[in-house]
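Given next are the chains, with one letter for each unit.
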Amino acid sequence: MAAVERDLQRKKEKMASEDGISKLPDDILICILSRLTIKEAAKTSILASRWRYLWTFFSGCLDFNDLVYMKSFGPLGDGRDPRSLRCIDQVLGSLKVKDQSLEELRICLDIDPNCDVDSWLKFAIQKRVQRLDLQLRLCKSAWYNFPSHFVSRSLTSLRLASVYLNKEGLENLLCHCPFLEVLTLEKIRILTSIRVSGLSLKLNYLQLDSLVKLKDHLEVDVSNLISFEETRFGLSTTCFEPVPILADEMLREGCFSLSFVPDDVFGRLRTLKLEIRNMPEAVFYSIPELPNLKHLDISFHIYTYGFFPCVAFLKACPSLYKLTVQSTRSISPYERKVKKHSPHLSLRVAELVGFLWLRDDVKFLLDLLESATLLEKIIIDPGRVYLLGKPGEKFYRKNSWEYKSARTRAIELAAKFPHLEFVIP
């Protein structure tokens, strides 16, 4: 049996030595391997002795988000319990990044008190990781304290989720990661206030998601900021300093008032995405003009507002090119006509998601068709918003009478407007 295995190995090495790719220099082969997953790269070690250690110079994306998938990493696979986190330590300990830095390290797993997360961060610093995504889900009531002394001169993108991080730790992070361009904080514990400011910051994208302790103060003053996204719960004070090139803003959930944002900031917006649930209706009577807005993506519960938020924003967006509306079932009367409030629409594309052809749906669409004389394309998706991207979406589209009926009516409407392009999923 051993002799047969040796013969097979010799044949593999002979085949590998005869193919063109094996004649390439090591640097090129390492570059090719780095475009694979780490598991795929590690498996090439069995091709021939030339390939045995090439994968250890992997410089691509290390993605540890499925321990079952990571059960066997080629030469590292030993059949151990896939729930063990030691395979991460094995892989990280085997890598020998040369002159180039590692593109990305992503760890999205449950942790326990025995996990050596500090060593993972040390690896990220030593190997000059450019993008770090650390999502450590709760397991056995363990929460990881992100170090307040973290320093990296290579990091350009950082995502932290479900860790402990205080205000001082965040300020240190911003101070000692001078090339950071993208920062996402999600479900961060004990963080009660945030101050992101400084002329030296290169931050372009800032996302704050589900920061349940953030109740005191949020200050954003970054000259390079392009996109700011937040989901807040009960935040009481917001201070936005002038942001010269702000292009996108996403304001979702909670007790947010549009009056917190200066008019000059809104005047520079090109894309605005809103998820509205608890805003007082009075807010929509005082929306500042958005002269440069090109795409409005608005999601809301129609039973709370009707289509009023859409109408109110259309009135404030004279240059709007695309409108995306994601809505739930409508049970409130539709009283505000688009034409009455927005007589001159520049709209070219309208996307209506969750459109079930209820009375108010139809009234809003007909008003839109009448007022948006420049309209070129309409996307009507009768799918339920809460099912999009979920396992139940395919079943709903295939078996729901509600969906099939709404889709049929959309097709019938399309036949009445042959000059428009209709897209009906």
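Every value quoted in this text rests on a predicted model; they were computed, and no experiment measured them. In every chain, residue numbers begin from 1 and rise along the written sequence. Given that this is a predicted model, residues contribute local features only at a pLDDT of at least 70 and side-chain atom pairs are listed and counted only at 80 or more, while totals for whole chains, interfaces and linings are drawn from all residues. Derived side-chain values reflect all non-hydrogen atoms in the structure, with water molecules and hydrogen atoms excluded from consideration.

1. A short note on the nonpolar core
Ranked by size, the top nonpolar core spans 63 residues in total, and within it Leu62, Leu105, Phe146, Leu160, Leu185 and Ile194 carry the most contacts. Strands are runs of DSSP state E lasting at least 2 residues, helices are runs of H or I lasting at least 4, and numbering of each runs from the N terminus. Counting residues per element, this core draws most heavily on helix 5 (residues 117-126), at five residues. Listed in part, the 45 residues of the second largest apolar core include Leu369, Leu375, Ile378 and Ala406. The definition of a nonpolar core used throughout is a set of buried Ala, Val, Leu, Ile, Met, Phe, Trp, Tyr and Cys residues joined through side-chain atoms within 4.5 Å. Buried, partly exposed and exposed residues are distinguished by accessible area as a fraction of the type maximum, computed with a 1.4 Å probe on protein chains only: under 20%, between the cut-offs, and over 50%, respectively.

2. Thoughts on the packing of aromatic side chains
Stacked, tilted and edge-to-face pairs are distinguished by plane angle, under 30 degrees for stacked and over 60 for edge-to-face with tilted covering the rest, among Phe, Tyr and Trp rings (Trp via its six-membered ring) whose centres lie within 6.5 Å. By the definition in use, this model includes two aromatic pairs. Seen from their ring centres, phenylalanine 146 and phenylalanine 150 are 5.2 Å apart, and the 50 degrees between their planes marks the pair as tilted.

3. Structural notes on unusual backbone geometry
Phi is positive for arginine 128, which is not a glycine, with a value near 55 degrees. When you line up the elements, arginine 128 lands in the loop between helix 5 and strand 3 (131-137). The class for arginine 128 is partly exposed, based on a relative accessible area of 33%. Of note, the phi angle at lysine 187 is positive, near 55 degrees, even though the residue is not glycine. Structurally, lysine 187 can be placed in the loop between strand 7 (182-186) and strand 8 (193-197).

4. Some details on helix 5
Among the residues of helix 5, those classed as buried are Val117, Trp120, Leu121, Phe123 and Ala124. Within helix 5, the buried residues cover an arc of 155 degrees as seen down the axis, which keeps them to one side. Note on definitions: a residue-residue contact is assigned when non-hydrogen atoms from the two residues lie within 4.5 Å. Along its buried surface, helix 5 packs onto strand 1 (61-64), helix 4 (86-94), strand 2 (104-110), strand 3 and strand 4 (144-145). Think of the arc as the fan of directions from the helix axis to the C-beta atoms.

5. Focus on the side chain of aspartate 297
With respect to the element layout, aspartate 297 can be found in strand 15 (residues 295-300). Looking at aspartate 297, the relative accessible area reads 11%, which means it is buried. For this analysis, a polar contact is any N or O atom pair within 3.5 Å, provided that within protein one partner can donate a hydrogen and the other can accept it, and provided that sequence-adjacent residues contribute only side-chain to side-chain pairs. One polar contact links aspartate 297 to glutamine 326, side chain to side chain, over a distance of 3.5 Å. Not counting residues up to four positions away in its chain, the partners in contact with aspartate 297 are Leu272, Lys273, Leu274, Thr324 and Gln326.

None of this, on its own, says anything about what the molecule does.
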